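Remarks on the overall topology
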Amino acid sequence: MRAMLRAVNRVVLAVLGVLLILLGGSVLAVGLGLNPPSWWIHGSEHDVLLSDSERTRWRDEGWWWPVVIAVLAVLLLLLLWWLTANLRRRRLTEVLVDTGDGEGALLRGRALEHVLTEEAGLMEGVHKAHTRLTGRRNAPEARVRLLLEPHVDPGTALTDLTDGALTHARDSAGLASLPAEVRLRAAKHRAERVS
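Note that the structure is predicted; figures quoted are calculated from it, not measured. (Residues numbered from 1 in each chain as written. Predicted model: local features only at pLDDT ≥ 70, side-chain atom pairs only at ≥ 80, totals over all residues. Heavy atoms only, no water.)

**Remarks on the overall build of the protein**
Our working definition: Under the DSSP-based scheme used, a helix requires at least four consecutive residues in state H or I and a strand at least two consecutive residues in state E, with every element numbered from the N terminus. The globule rule used here is 2.2 Å times the number of residues to the 0.38 power, and the radius of gyration it is set against is calculated over C-alpha atoms. Buried residues are those whose accessible area, probed at 1.4 Å on protein chains only, stays under 20% of the maximum for their type, while exposed residues exceed 50% and partly exposed ones sit between those limits. Contacts were defined at the residue level, with two residues in contact if any of their heavy atoms lie within 4.5 Å. His is not counted, nor are the chain ends; Lys and Arg add positive charge and Asp and Glu add negative charge. To locate a charge, take NZ of a lysine, CZ of an arginine, CG of an aspartate or CD of a glutamate.
Across its full length, the protein holds five helices and five strands. For the protein, the α and β elements follow one another from N to C terminus as α-α-α-β-β-α-β-β-α-β. On C-alpha atoms alone, the protein measures out to a radius of gyration of 29 Å, which is more than a quarter above the 16 Å that the 2.2 N^0.38 rule sets for 195 residues. Structurally, the protein occupies a C-alpha span of about 75 × 65 × 20 Å along its principal axes. Here the protein, with 195 residues, has 21% of them falling under the buried criterion. Restricting the contact set of the protein to residue pairs at least 6 apart, pairs at least 24 apart contribute 48%. Computing the positive centroid from 24 side-chain charges and the negative centroid from 22, the protein places the two 4 Å apart.

This is the structure:
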């Protein structure tokens, strides 16, 4: 869903950008004295965007207002969908834990995030850790950011995180898997003086 939303955002922004550039560029060109083609909406630099006759041409037709209202309603629904998709919280609020008796228990997502963050932060060479759970409650995914000390090997830190904190979280929550996206960054430090 997130990849689709990203693609929709890019396509909508690209189409709007191209339309605005074309329309604005054409109005600017006509305003600067360029002769437009005969089919263009502006005839000269003193022409208006919509004349009185163009604005009132369809007003007396029976189909005009239902079409205008339907198009505006569809646009409103699409804009509301886009707005809610962009504003929806991506953080997982609860994780479904299989208790083995056919029932399930709910674990607060923030509690699991906190435990993952604390355990990752205690690893050797980790300056700071941050964890966020996404996905569905029966298939959570972890996003872990680690700020490493300058001397730490990133491969070792990743192995320690996978074998330690992520494995413990997966096992304690009774999950079949806990996919994780891990971002590693080195902490900034002052240059060391060599003498």
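**Remarks on the sheet that holds strand β4 (residues 139-148)**
Just so we agree on the cut-off: A pair of strands is considered paired only if DSSP assigns at least 2 bridges between the two. Axis lines are fitted to C-alpha atoms, over the contacting stretch for helices. Their N-to-C directions set the angle, which ranges from 0 to 180 degrees.
Strand order across the open sheet formed by three strands is β3-β4-β5, with mixed pairing between neighbours. Of all the strands in the sheet, the pair left with one neighbour each is β3 (126-136) and β5 (180-186). Neighbour-to-neighbour, the strand axes of the sheet open up by a mean angle of 15°, direction not taken into account. Lying on the sheet, helix α4 (residues 109-121) is in contact with β3 and β4; it crosses β3 at an angle near 150°. Across the face of the sheet, helix α5 (residues 154-173) comes into contact with β4 and β5 while running at roughly 140° to β4.

**Quick notes on the nonpolar core**
Note the threshold: By nonpolar core we mean a set of buried residues, namely Ala, Val, Leu, Ile, Met, Phe, Trp, Tyr and Cys, connected to one another through side-chain atoms within 4.5 Å.
One finds L133, L146, L161 and L166 to be the most contacted residues of the largest nonpolar core, which totals 23 residues. Of all the elements in the fold, those that place two or more residues in this core are β1 (94-98), α4, β3, β4 and α5. In terms of residues, this core owes the most to one element, α5, which gives six residues. Discounting chain neighbours no more than four positions away, the residues touching L161 are A120, M123, V144, L146, L166 and V182.

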